[in-house]
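Per-entry structural report
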Amino acid sequence: MTQILDGKELSVQIKTEIANHVRQLTAKGHRAPHLAAVIVGNDGASQTYVANKEKSSREVGFTSSVYRYPESTTEEQLLEAIAFLNNDTDIDGFIVQLPLPSQINEQHIINAISPDKDVDGFTPINVGRMVLSEECYVPATPMGVCTLLQRYGIETTGKHCVVVGRSNIVGTPVANLLSRKGFDCTVTLCHSRTRDLASITRQADILIAAIGKPEFFTADMIKPDAVVVDVGIHRIPDATKKSGYRIIGDVKHSEVDPLCSWVTPVPGGVGPLTIVSLLQNTLKAYHRTHPNCD
Ligand code: NDP
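Predicted model, so just to flag it, every value in this text is computed and none were measured. (Residues numbered from 1 in each chain as written. Predicted model: local features only at pLDDT ≥ 70, side-chain atom pairs only at ≥ 80, totals over all residues. Heavy atoms only, no water.)

**A few points about the site of the ligand**
Convention followed: Definition of nearness: a residue and a molecule or strand are near each other if at least one heavy atom of the residue lies within 4 Å of the molecule or strand. Polar contact is defined as a pair of N or O atoms within 3.5 Å, subject to the rule that within protein one atom must be able to donate a hydrogen and the other to accept it, and that residues adjacent in sequence are counted only when both atoms are side-chain atoms. Working definition of accessibility: Shrake-Rupley area with a 1.4 Å probe, residue cover restricted to the visible protein chains. Put simply, DSSP marks the helices as runs of H or I at least four residues long and the strands as runs of E at least two long, and each gets a number from the N terminus on. Three residue categories are used. Nonpolar comprises Ala, Val, Leu, Ile, Met, Phe, Trp, Tyr, Cys and Pro, charged comprises Asp, Glu, Lys and Arg, and polar comprises the others, including Gly.
In the vicinity of the ligand, 23 residues are found, and the nearest of them are Arg166, Ser167, Ser192, Lys213 and Thr274. Here a nitrogen atom of the ligand sits 3.0 Å away from a polar atom, N or O, in the side chain of Lys213. In the model, an oxygen atom of the ligand is placed 3.3 Å from a nitrogen or oxygen of the Ile233 main chain. About the coverage of the ligand: the protein hides 71% of its 930 Å² of free accessible area. Take the shell around the ligand: its biggest share by element is three residues, from helix H10 (residues 270–289). Its residues placed into classes, the shell around the ligand shows 10 nonpolar, 10 polar and three charged.

Okay, here's the thing in structure tokens:
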């Protein structure tokens with residue numbers, strides 16, 4: 001029988017754990033952890049993501065602030081803002097919501113973020129530390145995938161994990177994390193140039209789908225009893241919904257789910273864990289500068 005890797009329920013549980021911890025900190029007279037977000041321009045999806053991060057921060061008792069800049073902001077102006085946030089000792093961690101307007105080089109901005117406050121785990125220093133299995137901030141979505149597998153007690157040792165998608169923020173770090181000691185998967189990393197993808201995904205005990213193509217993964221690509229983690233998020237117009245759209249993933253769940261031992265739903269799978277990971281990283285950043293608070 002197929003079982004659900006319920007990211008929504010797990011995120012509520014972890015948020016409650018964080019909120020209890022924050023309550024203990026503030027009861028002892030310490031300040032609350034503080035997560036800031038920088039957003040440039042008016043991209044609708046980015047506004048929604050930042051609003052969700054702000055809401056979750058507040059729910060667990062963090063201080064949350066959002067720095068909004070107009071679409072016309074220059075790279076120099078944004079670098080000044082980053083320098084300010086790097087030096088503000090009241091802020092434990094911050095994220096810069098991507099994508100940025102075309103006049104701004106995203107890598108220049110990421111490189112300017114202090115690795116100690118880089119709770120998205122995107123700076124070269126944190127990526128390098130992650131690859132070396134050193135103490136670091138792991139990017140939020142890959143961390144969410146790992147948390148789901150760990151908390152649901154999914155057996156990973158010696159399993160063949162096929163990760164499809166090799167982006168710097170999802171596929172590549174997921175492949176790295178699941179191949180390291182502790183998870184001990186044998187990992188195959190696939191991408192758009194992979195030949196005969198279905199023959200590889202059919203060998204997957206654990207399949208991580210992260211390519212950004214709606215309902216791409218169909219039943220013929222799945223090994224019976226596989227664990228399937230669907231990272232994809234797509235808004236599809238749907239007149240029957242009040243919002244006018246529904247969310248679907250990279251996996252065609254109507255035909256794939258019955259074949260799986262475990263599967264993440266979309267929505268309610270990896271998405272909620274991504275935000276929770278950001279909160280966990282912010283708490284970690286807080287404790288780095290408050291070593292005597294527990
Ligand atoms: P990117 O577009 O950056 O990367 C997509 C990857 O998929 C690339 O490596 C690409 O290969 C590969 N790919 C594309 N088409 C195919 C194909 N037909 N066969 C095999 N590989 C293919 O996407 P992201 O990694 O940023 O995001 C992936 C998905 O995850 C998206 O739907 C996104 O919305 C979602 N997402 C969800 C999050 C969450 O919180 N749940 C957070 C972040 C993303 P190549 O490198 O060769 O081009």
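More follows now that the structure is in view.
**Digging into the sheet that holds strand E1 (residues 3–4)**
Just so we agree on the cut-off: At least two DSSP bridges between two strands are required for those strands to pair. Throughout, a contact is declared for two residues whenever any of their heavy atoms are within 4.5 Å. Axes here mean lines fitted to C-alpha atoms, for a helix over just the part in contact, with angles spanning 0 to 180 degrees between N-to-C directions.
The strand order across the open sheet formed by six strands is E1-E11-E8-E7-E5-E6, and the pairing between neighbours is parallel. With one partner strand each, in any of the chains shown, E1 and strand E6 (186–190) form the two edges of the open sheet. Of the pairings in the sheet, the one linking strand E5 (residues 160–164) to strand E7 (residues 206–209) comprises four bridges and is parallel in character. Paired with Val162 across the bridge in E7 is Leu207. Docked against the sheet, helix H7 (residues 171–179) engages E5, E6 and E7, running at close to 170 degrees with respect to E6.

**Things to note about the domain arrangement of the protein chain**
Short version of the rule: All domain edges in this entry derive from an automatic or database-based domain assignment.
When the domains of the protein chain are assigned, the result is domain 1 (30–114) and domain 2 (140–271). Measuring from the centre of the C-alpha atoms in domain 1 to the corresponding centre in domain 2 gives 28 Å.

**Re the sheet that holds strand E3 (residues 63–69)**
Strand order in the open sheet made by the three strands is E3-E2-E4, with parallel pairing throughout. At either margin of the open sheet sits one strand with a lone partner, and together these are E3 and strand E4 (93–96). With direction set aside, neighbouring strand axes in the sheet form an average angle of 15 degrees. Taken together, the seven bridges between strand E2 (residues 34–40) and E3 define a ladder with parallel strand orientation. Bridging from a neighbouring strand, Val38 pairs with Tyr67 of E3.

**Observations concerning the packing of helix H2 (residues 44–59) against H10**
Pairs of packed helices are described in terms of their axes, by the angle between the two and the distance that separates them. To keep things clear, this is the line we draw: If an angle is under 35 degrees, it is roughly parallel; if it is over 145, roughly antiparallel; if it lies from 65 to 115, roughly perpendicular; otherwise it is oblique. Each crossing is labelled by how the near helix is turned from the far one, with a counterclockwise turn of less than a right angle marking it left-handed and a clockwise turn marking it right-handed.
Where H2 meets H10, the axes come as close as 10 Å, and the angle between the chain directions of the two elements is 55 degrees. By the angle between their axes, H2 is oblique relative to H10. Crossing handedness for the pair H2 and H10: right-handed. Here H2 contributes Asn52, Lys53, Ser56 and Ser57 to the contact with H10, which in turn contributes Ile275, Leu278 and Leu279. Residues of the contact of H2 with H10, tallied by class, amount to three nonpolar, three polar and one charged.

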